[in-house]
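If you want the building blocks of each chain, they are given just below.
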Amino acid sequence: MTLGNVGAFALGLAMLSSSAMAEPAERQAYFGETHVHTKLSFDAFIFGNRNGPDDAYRFAKGEQIFHPAGFEMKLRVPLDFQAVTDHAMYLGMVPAMFDNSTNVSTHPVAIGLREAESPGARRLAFASMMPYLGQVVEDDLLDMDIVRSSWQEIVAAAERHNDPGKFTAFSGYEYTSSQNNFENLHRNVVFADGAPDEPFSRLISMNPENLWRWMDSLRSQGMDSISIPHNSNGSDGFMFSNQTYDGQPITQSYTDLRMRNEPIVEVTQVKGTSETHPLLSPRDEFASFEIMPYQIATWNQSAQNGSYVREAYLRGLALQRAGVGNPYKFGLIGASDTHVGAGAFDERNYWSKIGIVDASGKLRGSVPLTWGERLRGQVSRLVSNYFVSRMPAVANTGLPPANPAPRYNHQQWSTWGASGLAGVWAEKNTRISIFDALRRKETFATSGPRMRVRFFGGYGFGNDIFEQVEMISKAYAQGVPMGGELAPEGAQSPEFLVWVTRDPASNTLQRAQIVKGWIDADGNTHEAVFDVACAGGAAVNPETHRCPENNAAVDVATCATRADTNADELRAVWRDPTYVAGENAAYYVRALENPTCRWSSWDALRAGTLPNPTLPATIQERVWSSPIWLEN
C-alpha cells in the first residue's frame with residue numbers, strides 16, 4: 001500500500017468511526033443545496049449579482065437577501081446545509097474588473113463589461129469573455145492572485161457559517177469543463193473539511209479524469225472531496241459515454257477512479273431534469289418532465305443517448321458485464337445552480353437563475369410582450385448574434401428557433417424550472433455526517449418540495465413491517481438502504497420497502513413508483529416503471545402496474561387544484577414480478593405529487609394574462625431516491 005493510499009485509508013477509517021457512534025436508524029432527513037453561485041462567478045457578476053458567499057449562507061439559514069433586480073428573496077424554511085460553488089475559472093476576476101484600483105480593470109474586456117447596461121449588452125459582454133474561457137486567445141486577462149484570494153474568501157465564509165448541529169457549510173467550487181465547446185461536463189467539487197490553496201479549473205485541464213487524479217492527490221494528504229456532475233441533459237451524450245474523455249475504451253481503472261470521486265449525480269436543477277427523456281423511455285408516461293433539450297448556452301440540440309441518468313444506469317450494467325466495472329453506480333441529488341446566491345425552489349415564488357436578464361415574467365417568456373418590447377428584443381438578438389459569430393473559435397449560437405408564440409420572449413430559460421434540492425439521511429447535521437451520507441449515496445433528490453423518501457431492499461421484511469415500532473432498525477438490519485448493493489438469494493425476488501411522505505407546504509401525493517433497469521442473460525438492457533402505492537389506498541392494476549386515474553386537475557385561471565384521491569404518505573413492500581435469478585439490476589423510487597401550477601402559470605396569473613400556450617401550464621413535482629443495485 002502506497003503512502004497516499006495509507007492516508008486515504010486512514011481518513012476513511014476516521015470517517016466511518018464517527019458515523020459508527022450513532023445507529024443507522026437514528027438518521028434524519030436533511031435538506032440542502034450544493035450548487036450556488038455568487039458575485040465571484042464571472043457570469044453571475046456580469047448579470048448583476050452582487051451577493052457574496054456570506055449573503056448566500058445567510059439566505060440558506062433563513063435570512064432575507066436581495067435579487068439583482070431589487071426584490072426580496074427569502075426561503076419558506078431554512079436549509080440544513082449548503083456549499084457555495086462558484087466557477088473556478090476566472091474566480092473573482094470580473095468583480096476585480098469593476099474595481100478601478102486593479103490592473104485588470106484597464107483591460108478592454110473589463111471596460112466593455114462595465115459599460116454594458118441593458119440585458120442585451122450584458123449578454124454581449126458575457127460573450128466577449130468566451131474566447132478567454134475557451135483558451136483560444138492569448139490570456140492577458142487572468143490574475144491567479146485574484147483567483148486564490150477569492151477562493152480563500154469562499155473557504156473563510158464556509159468556516160464562518162458552519163455551525164455543527166444547526167447548519168453545515170461546505171467549501172466547494174464548480175469545475176466547468178466541456179468536451180469540445182458547449183457540451184456540458186460541469187461538476188461541483190465539495191470538500192469534506194478543509195480545502196486546498198487553490199481550485200483545479202478547466203484552465204488547467206478540460207479532462208475530468210485529471211480533476212479526479214488531483215482529488216486523489218488531496219485525499220492522500222487527508223483532504224477528502226467528491227465531484228458532482230450536473231446538467232448531463234446538456235452534455236450532447238458525453239457525460240455518460242461508453243468511452244473516456246479522450247475516446248479510449250473504459251477500463252476497470254477508469255471505473256475505480258470515477259467511482260472513488262463521483263459517487264452522486266445532480267439529476268435535477270433549474271436547467272432541466274436529467275432523469276430520462278421521452279425518446280429514451282417511450283413507455284414511461286412521466287418521462288417528459290422539465291426537459292431542457294439544448295446544450296448549455298446554445299440553441300444546439302443535445303443528443304439524448306449518454307445524457308440521461310436512467311440510461312447511464314443501464315450502460316453501467318452493460319459495462320460491468322463486459323468486465324470493466326460499473327462507472328455509473330451513482331446516487332442522486334438535486335440542486336438549484338442559482339446565479340443570484342439564492343435558489344428559487346418554489347413554483348409560486350420563482351426568480352429563475354441568471355439575474356437581471358430573467359428577473360420577470362416578460363423576460364423569461366411567461367408574460368406577453370408589448371409590440372415595442374418585441375421589436376427591441378429582436379434587434380438586440382440580431383446585434384448580439386452578429387458579434388458573437390465574429391469572435392474567434394466560439395460557436396455561433398444563432399437566432400432562437402422559430403417561435404410559435406411571437407408575443408412572448410423566447411429564450412432558453414423559458415424551459416427552466418424551480419428545482420431542486422438535495423436530501424440526505426444522516427445521523428447529525430454536521431460536515432462529517434452529511435458528507436458520509438453523500439459518499440455512501442444515502443441521498444435523494446426533489447424537484448423543489450421537501451418530500452422525504454425511504455427505500456430499502458432486502459429479504460423477509462414482511463407485509464406487516466410498517467406496523468412494527470422498530471421498522472427502520474429492522475430495515476437496516478435485514479437489508480440495505482438507497483445507495484446500497486444487495487446480494488441475491490437464489491430464485492427468491494428481493495423485497496423493497498418504500499415510504500414517501502409529502503411536504504406539508506406543497507400538494508398531496510398521487511403515486512409512488514419503482515423504476516427498474518436490468519440486463520438479461522443475453523446482455524440486452526431493459527427498463528420498466530411500476531406503481532407500487534396509490535393515493536387513497538387504491539390497488540395497483542396487476543397487468544398494467546399502474547394506479548387508477550384519480551382525476552387530478554388544475555384550474556390554471558386560479559391555480560386551484562383538485563383530485564379524487566390524495567395522500568400525505570405512501571408506503572409499500574414490493575416484490576419484483578419480473579425478477580429472474582442471475583440478472584443484475586438497479587432499482588430506484590420515483591414519487592409524484594398531484595399536479596399544481598407551474599411557475600409560468602403563476603407568473604401569468606399575477607400579471608392578469610393567460611399562460612403562454614407554448615410552455616407547460618402545470619407540473620407534477622416529484623422525488624427520486626438513489627438506486628439499490630442487485631448484484632450477482
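Residues numbered from 1 in each chain as written. Predicted model: local features only at pLDDT ≥ 70, side-chain atom pairs only at ≥ 80, totals over all residues. Heavy atoms only, no water.

### What to know about the pattern of salt bridges
Rules: What counts as a salt bridge is simple: a side-chain nitrogen of Lys or Arg found within 4 Å of a carboxyl oxygen of Asp or Glu. By definition, any uninterrupted DSSP run of H or I lasting at least four residues is a helix, any uninterrupted run of E lasting at least two residues is a strand, and each is numbered from the N terminus. When accessible area is computed with a 1.4 Å probe and restricted to protein chains, residues below 20% of their type maximum are described as buried, those above 50% as exposed, and intermediate ones as partly exposed.
Taken as a whole, this structure holds 38 salt bridges when the rule is applied. In this structure, the salt-bridge partner of D216 is R219, at a minimum N-O distance of 2.7 Å. Residue D216 and its partner R219 are located together in helix α9 (residues 208-219), separated by three residues, close to a single helical turn. Among the residues examined, R219 registers a relative accessible area of 6% and is labelled buried. Close ionic contact of R571 with E467 constitutes a salt bridge, the shortest N to O distance being 3.6 Å. Highlighted residues: R571 in strand β21 (residues 569-575) and E467 in the loop between β13 (452-458) and α14 (471-478), separated in sequence by 104 residues. On the accessibility criterion, R571 (36% relative accessible area) is partly exposed. With a relative accessible area of 61%, E467 lands in the exposed category. Overlapping salt bridges bring together D216, R219, D224, R260 and R439 as one network.

### Considering the packing of aromatic side chains
Condition: Ring geometry is summarised as follows: Phe, Tyr and Trp rings, the Trp one being its six-membered ring, pair when their centres sit within 6.5 Å, and such pairs are stacked at plane angles under 30 degrees, edge-to-face over 60 and tilted between the two.
Within the structure shown, the criterion is met by 30 aromatic pairs. Measuring from ring centre to ring centre gives 5.3 Å for F240 and F330, while their planes differ by 25°; the resulting arrangement is stacked. Within this pair, whereas F240 is found in the loop between β7 (225-229) and α10 (252-261), its partner F330 is found in the loop between α11 (309-321) and β10 (331-334), the two being separated by 90 residues in sequence. Each member of the pair, F240 together with F330, is buried.

### A few points about unusual backbone geometry
Here the bond from S419 into G420 is cis, since omega is -5°, no more than 30 degrees from zero. With respect to the helices and strands, the residue G420 is situated in the loop between α12 (371-389) and β11 (421-426). At D236, a position not held by glycine, the phi torsion is positive, near 60°. Tracing the sequence through the fold places D236 in the loop between β7 and α10. Judged by relative accessible area, D236 falls into the partly exposed class, the value being 23%. You will see that A297, though not glycine, has its phi angle at about 65°, which is positive. Relative to the elements of secondary structure, A297 occurs in the loop between β9 (272-273) and α11.

### Re the state of the cysteines
Using the following cut-off: Cysteine sulfurs are considered disulfide-paired once they come within 2.5 Å of each other.
Per the stated rule, a full pass over the model turns up two disulfides. Here C534 is linked by a disulfide to C547, with a sulfur-sulfur distance of 2.1 Å. Its S-S torsion of approximately -90° makes the covalent link between C534 and C547 left-handed. Note that C534 is positioned in strand β18 (residues 525-534) and C547 in the loop between β18 and β19 (553-555), a separation of 13 residues in sequence. An identical accessibility class is assigned to C534 and C547; each is buried.

### Comments concerning the side chain of R187
Short version of the rule: By the criterion applied in these results, polar contacts are pairs of N or O atoms within 3.5 Å in which, for protein atoms, one can donate a hydrogen and the other can accept it, and in which residues neighboring in sequence qualify only through two side-chain atoms.
Among the structural elements, R187 can be located in strand β6 (residues 187-191). Given a relative accessible area of 2%, R187 falls into the buried group. Of note is the side chain of R187, whose polar atom sits 2.5 Å from the side chain of E262.

### Considerations on the sheet that holds β10
Put simply, the rule reads: For two strands to pair, DSSP has to find at least two bridges joining them.
Here we have three strands laid out as an open sheet, ordered β9-β8-β10, and mixed in their pairing. Where the open sheet ends on each side, the last strands, each with one partner, are β9 and β10. Summarising the sheet, strand β8 (residues 264-269) and β10 pair through four bridges and their orientation is parallel. Paired with T268 across the two strands is G334, which belongs to β10.

### Details of the environment of L421
Its place among the elements puts L421 in strand β11. Taking the C-alpha atoms as reference points, L421 and P449, 28 residues apart in sequence, are found 7.9 Å from one another.

### Topic: α9
Note the threshold: In this scheme, a helix's expected span is set at 1.5 Å multiplied by one less than its residue total.
With twelve residues, α9 extends 16 Å from end C-alpha to end C-alpha; this agrees with the ideal 16 Å at 1.5 Å per step. Of the residues making up α9, those classed as buried are P208, E209, L211, W212, W214, M215, L218 and R219. Where α9 begins, one side-chain oxygen reaches toward the backbone nitrogen of E209, 2.9 Å away; that side chain belongs to N207.

### Brief notes about the nonpolar core
For clarity, the cut-off: Here, nonpolar core means buried Ala, Val, Leu, Ile, Met, Phe, Trp, Tyr and Cys residues that are tied together by side-chain atoms lying within 4.5 Å of each other.
Grouped together as the largest cluster of nonpolar side chains are 103 residues, with contacts concentrated most on M97, M129, Y173, L211 and F330. With seven residues, the single largest contributor to this core is helix α8 (residues 144-161). A572, A585, V589 and L630 belong to the second-largest nonpolar core, a separate cluster that totals 35 residues.

### Focus on the sheet that holds β21
Threshold: An axis is simply a line fitted to the C-alpha atoms; with a helix, the fit covers only the stretch in contact. Between two such axes, the angle follows the N-to-C directions and lies from 0 to 180 degrees. Pairs of residues are marked as contacts when any of their non-hydrogen atoms sit within 4.5 Å.
Taken in spatial order, the four strands line up as β14-β13-β16-β21 in an open sheet, and their pairing is antiparallel. Every other strand in the sheet has two partners, leaving β14 (479-481) and β21 as the edge strands with one partner each. Between one strand axis and the next, the sheet turns by 15° as a mean value, whatever way the strands run. Relative to strand β16 (residues 495-501), β13 runs antiparallel, the two being bridged by seven bridges. By the bridge assignment, F456 is partnered in β16 with L497. Its contacts with the sheet put α14 on β13, β14 and β16, and the angle it makes with β14 is roughly 105°.

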